[in-house]
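So the chains spell out like this:
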Amino acid sequence: MATNRTGAQRPNGAPQTKVCQFKLVLLGESAVGKSSLVLRFVKGQFHEYQESTIGAAFLTQTVCLDDTTVKFEIWDTAGQERYHSLAPMYYRGAQAAIVVYDITNQDTFGRAKNWVKELQRQASPSIVIALAGNKSDLAAKRMVEFEEAQAYADENGLLFMETSAKTAMNVNDIFLAIANKLPKSESGGGAGGAGGARRLQDGDTPRASTCCK
Amino acid sequence: MAAANEDEILEGFLCPICKADLKSASQLTSHFESLHQEEQDVLKSLKDIFGKAKKIILNNDDTDLKEAFDKALKFNYQEEAYYSQEQVVGVSRSSMDYFKAVRSARLERYATETNKLLIRLDKLVCNMPTEPNQRKQFEQQIVPWLDGSSVKLCPNCAKAFNITRRKHHCRLCGSILCHDCSLFLDLNIARAIVDPSAPISTEEQDQESLEKNGLRLCEHCYNLVELRKQVQDSRNAKTVVMTAYEQMRSLMEQARPAVAMYEKMCQSLFDGETTYNLSDVNAMRGRIGKLAEGIDLLSKQIAAHPVTPGTRQARLHSAIRQAAAHYIKEDLLSLRKLPTEAQIEDVRRQRYERAERQIQLERRRLEAEGLRANETASSSGVSVAERVHDDDDDPLLEQMNIIRGYIKEARKELRFEEVAILEANLKELKKEYQFQKLSNKP
């Protein structure tokens with residue numbers, strides 16, 4: 001959708017930081033902390049009493065890797081049963097998905113497995129799936145063992161981390177791990193220069209001035 | 001600083017009576033003559049020895065001075081013959097070399113002293129234990145503290161030490177001082193001095209916590225360290241031109257994606273798509289105009305900055321201005337013209353008609369296959385009646401409203417990229433809704 005038109009504006013062909021845009025969807029049982037994870041990642045905030053999501057929320061966040069700027073277009077879906085019909089619309093064109101469960105609740109882990117199964121069946125075959133065991137700050141009430149989840153993730157080729165939106169543990173890390181695993185080619189995901197490289201490039205103006213003298 | 005340690009060999013311009021280090025030969029002489037006048041008779045014999053020693057110790061500065069003075073006197077004798085005649089401006093000679101020699105010696109001394117302090121500061125700051133009890137011991141390990149048993153007065157303010165005026169030690173030179181003469185160096189600032197590349201935390205400390213956590217220093221050490229910090233700061237400080245240039249670059253960085261976005265939106269209008277309104281694109285154009293204005297202003301500021309004409313700096317400034325002007329002209333003001341409302345109407349109608357024809361064609365094809373499919377309406381026609389009867393019940397409709405809200409918000413904040421994403425999603429939702437309606441019908 002975002003055609004790269006920046007080339008026309010920059011005839012001097014100075015090297016530019018690549019900008020990739022990816023659609024990422026969050027899935028999981030209700031009240032496992034999907035919105036909290038996103039809120040922590042995008043705004044660095046945490047609300048003890050996060051309201052339950054209606055439908056799907058939309059947020060964007062940009063992260064800088066070594067040579068690429070990755071722009072996440074995040075769709076945070078509602079976990080409640082009545083909104084499940086919406087989920088396919090959001091994971092259909094997605095390049096990445098985070099399936100979230102609550103480490104203090106075994107049922108949510110079962111539900112997460114179902115989501116993974118559904119993604120493997122229905123979503124794009126190249127989708128990068130990450131499994132997030134959220135609420136790791138409540139390790140005292142743990143019901144899902146780390147090893148169990150890790151083994152499951154390994155079996156299915158998922159990225160896996162235990163996270164805590166409350167303490168911010170592993171939140172940025174899991175998004176960064178996804179960004180690193182995503183293919184960065186131009187076709188990688190409707191990538192375009194529209195987002196604009198934020199990094200300053202040395203030797204940009206001098207070059208422009210020498211060719212115009 | 002001249003620690004009265006028995007093991008240590010004292011060196012420098014020491015007074016033979018009070019053993020104070022006086023830094024230079026001339027100071028030592030004047031000190032000796034002024035403070036130890038009454039003892040001179042007793043020490044007359046010693047003075048001979050001192051006189052000899054003085055000749056040896058005398059540093060170059062003073063011999064230079066003596067020679068220079070002698071030379072000047074000789075000149076004066078020669079000039080005397082002309083005094084009866086009309087006087088011209090007398091012979092002048094430059095004292096620059098002498099000044100430089102004195103100055104460099106002094107700077108050298110400051111530099112070595114500052115370096116010594118910095119090395120100590122580095123050791124103090126880097127391995128500072130967090131335990132307050134250990135800290136004192138650690139500090140004494142790095143800098144030996146002067147034994148204060150014989151010190152009765154504060155060397156700085158000359159007030160007597162007692163129960164209320166306690167003895168303290170400078171953490172960098174180990175000398176004794178009272179609390180009133182102590183200065184405190186914030187540990188964060190100390191870290192910044194030792195390692196300028198480290199990020200500086202800017203949180204201001206109040207006097208109380210500074211006295212508790214900071215390093216207690218004597219005035220002398222504090223001034224040396226502070227001077228060093230000032231030099232460091234001035235070296236890292238950005239010039240006016242640099243700041244303006246950086247601002248200009250950041251505006252250019254903002255302009256680039258804005259222009260790309262504008263092109264995209266413009267194209268979308270010409271294609272007859274309904275993703276953006278004409279007002280959206282106009283707002284974007286306005287924003288680019290504002291950016292161009294800002295870049296223009298900053299580059300003019302840089303060009304107008306006073307410099308000596310003909311220097312490289314002057315050339316650089318004018319080159320920056322030229323490049324900016326060129327950039328504005330080529331990239332920001334050569335934007336594509338917007339279509340008029342009528343043109344857009346026209347394109348949209350054509351597009352709509354094309355779609356209609358397509359639908360007609362499709363219908364006829366279906367009819368030929370014997371299927372009546374009246375409901376294959378165009379995607380743009382979500383009928384109002386449908387929306388009214390079961391609004392909030394359907395999560396799809398609910399979501400459409402949410403997305404509409406997002407679009408409105410994104411539009412208001414000129415985030416048109418998001419508008420495009422959201423519009424695409426809204427279309428998808430509409431399609432999905434349509435599809436559901438169809439499949440639910442018997």
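Residues numbered from 1 in each chain as written. Chains lettered and ligands numbered in written order. Predicted model: local features only at pLDDT ≥ 70, side-chain atom pairs only at ≥ 80, totals over all residues. Heavy atoms only, no water.

**Let's talk about the overall build of chain B**
From N to C terminus, chain B includes 15 helices and 4 strands. In chain B, which comprises 442 residues, the proportion classed as buried is 32%. In chain B, once contacts between residues fewer than 6 apart in sequence are set aside, the share between residues at least 24 apart is 64%. (Helix = DSSP H or I, 4+ residues; strand = E, 2+ residues; numbered from the N terminus. Buried < 20%, exposed > 50% of the residue type's maximum accessible area, 1.4 Å probe, protein only. Contact = heavy atoms within 4.5 Å.)

**Quick word on the pairing of strand β5 (residues 128–134) of chain A**
All names here are of chain A. Of all 7 residues in β5, 7 are buried; the element is thus mostly enclosed. Residue alternation in β5 divides its side chains into two sets, V128, A130, A132 and N134 and I129, L131 and G133, and both sets are buried. Bridge count for strand β4 (residues 96–102) against β5 is 7 bridges, and the pairing is parallel. Looking across to β5, one finds that V99 is bridged to L131. Two strands pair when backbone bridges link them, and β5 and strand β6 (residues 159–162) are joined in this way by 4 bridges, in the parallel orientation. Looking across to β6, one finds that L131 is bridged to F160. Following the chain from β5 across helix α5 (residues 146–156) to the adjacent parallel β6, one finds a crossover that is right-handed. (Pairing = 2+ DSSP bridges. Right-handed = clockwise from strand over helix to strand, strands pointing away.)

**Considerations on the UniProt feature "coiled-coil region" (unreviewed entry) in chain B**
As recorded in UniProt, the feature "coiled-coil region" (unreviewed entry) lies at residues 407–439 of chain B. Taken end to end, residues 407–439 of chain B is 91% helix and 0% strand, and its first and last C-alpha atoms sit 29 Å apart. (UniProt positions renumbered as here; feature names shortened; annotations may be inferred.)

**Observations regarding the confidence of the model for chain B**
Residue and element names in this part refer to chain B. When the pLDDT values of chain B are averaged, the result is 79; 80% of them are 70 or greater. Throughout residues 1–5 the model reports pLDDT below 50, and contacts reaching past four residues in sequence, or to other chains, amount to 7 contacts. Confidence drops under pLDDT 50 across residues 372–391; counting only partners more than four residues distant or on other chains, this segment forms 23 contacts. If you check the scores for this complex, the pTM reads 0.52 and the ipTM reads 0.74. (pLDDT = per-residue confidence, 0-100.)

**Side note on the pattern of salt bridges**
Scanning the model with the defined rule gives 19 salt bridges over all chains in all. Of the charged contacts, one joins E428(B) and R92(A) as a salt bridge, the two residues approaching to 3.9 Å between their closest N and O atoms. Linking E428(B) in helix α15 (residues 416–440) with R92(A) in helix α3 (residues 87–92), this pair reaches from one chain into another. A salt bridge links D102(A) to K135(A); the nearest nitrogen and oxygen atoms lie 3.2 Å apart. Of the two residues, D102(A) sits in strand β4 while K135(A) sits in the loop between β5 and α5, which places them 33 residues apart along the sequence. In this structure, a network of salt bridges that share partners links the residues R92(A), E428(B) and E432(B). (Salt bridge = Lys/Arg side-chain N within 4 Å of Asp/Glu carboxyl O.)

**Remarks on the confidence of the model for chain A**
Mean pLDDT over chain A works out to 81, with 79% of the residues at or above the 70 mark. Note that pLDDT drops below 50 for residues 1–15 of chain A; the model gives that stretch 29 contacts with residues more than four away or on any other chain.

**Observations regarding a positive patch on the surface**
All names here are of chain B. Positive charge collects at one region of the surface, where R351, R354, R357, K427 and K431 lie side by side. Examining the composition of the positive patch, we find that 3 residues originate from one element, helix α12 (residues 341–368), more than from any other. Residue K427 is classed as partly exposed on the basis of its relative accessible area, which comes to 46%. (Patch = residues over 30% accessible without salt bridge, like charges linked within 9 Å, V, L, I, M, F, W, Y side chains within 5 Å. Areas by Shrake-Rupley, 256 points an atom, 1.4 Å probe, with all protein chains shown as cover. Lys, Arg positive; Asp, Glu negative; His and termini not counted. Charge placed at Lys NZ, Arg CZ, Asp CG, Glu CD.)

**Observations concerning the packing of aromatic side chains**
This structure, assessed with the given rule, holds 9 aromatic pairs over all chains. For the ring pair F41(A) and F72(A), a centre distance of 6.2 Å and an interplane angle of 70 degrees mean the geometry is edge-to-face. Of the two residues, F41(A) is situated in helix α2 (residues 34–43) and F72(A) in strand β3 (residues 68–77); the sequence distance between them amounts to 31 residues. Overall, the relative accessible area of 6% leaves F41(A) in the buried class. Centre to centre, the rings of F109(A) and Y152(A) are 5.9 Å apart; their planes meet at 80 degrees, and the pair counts as edge-to-face. One end of the pair, F109(A), is in helix α4 (residues 106–122); the other, Y152(A), is in helix α5, and 43 residues separate them in sequence. For the pair shown, F109(A) and Y152(A) are each scored as buried. Taken together, F41(A), F72(A) and F175(A) form an aromatic cluster joined through their ring pairs. Over the face of the ring belonging to Y152(A) we find K113(A), whose NZ or CZ atom lies 5.3 Å from the ring centre. Across the ring face of Y110(B), the terminal group of R109(B) is positioned such that the distance to the ring centre comes to 5.7 Å. (Phe/Tyr/Trp six-rings, centres within 6.5 Å; stacked < 30°, edge-to-face > 60°. Lys NZ or Arg CZ within 6 Å of the ring centre and 35° of its normal.)

**A word on the pairing of β4(A)**
Residues and elements named next belong to chain A. Within β4, 7 of the 7 residues are buried, which leaves it mostly tucked inside the rest of the structure. Of the two faces of β4, both are covered, the one formed by A96, I98, V100 and D102 as well as the one formed by A97, V99 and Y101. Bridge analysis of strand β1 (residues 18–28) against β4 gives 5 bridges, and the strand direction is parallel. Following the sheet pairing, G28 is matched in β4 by V100.

**Describing the nonpolar core**
W75(A), Y90(A), Y101(A), L119(A), L131(A), I295(B) and L332(B) are the most contacted members of the largest nonpolar core, which has 77 residues in total. When residues of this core are assigned to their parent elements, the largest contribution, 13 residues, is made by helix α9 (residues 240–270) of chain B. Here this core spans two domains, and each of domain 3 (239–332) and domain 4 (394–434) of chain B adds at least three residues to it. Each residue touching Y101(A), except ones within four places of it in the same chain, is listed here: V32(A), T108(A), F109(A), A112(A), L131(A), A132(A), G133(A), N134(A), V144(A), A149(A), F160(A) and E162(A). (Core = buried A, V, L, I, M, F, W, Y, C linked by side-chain atoms within 4.5 Å. Domains from an automatic or database assignment.)

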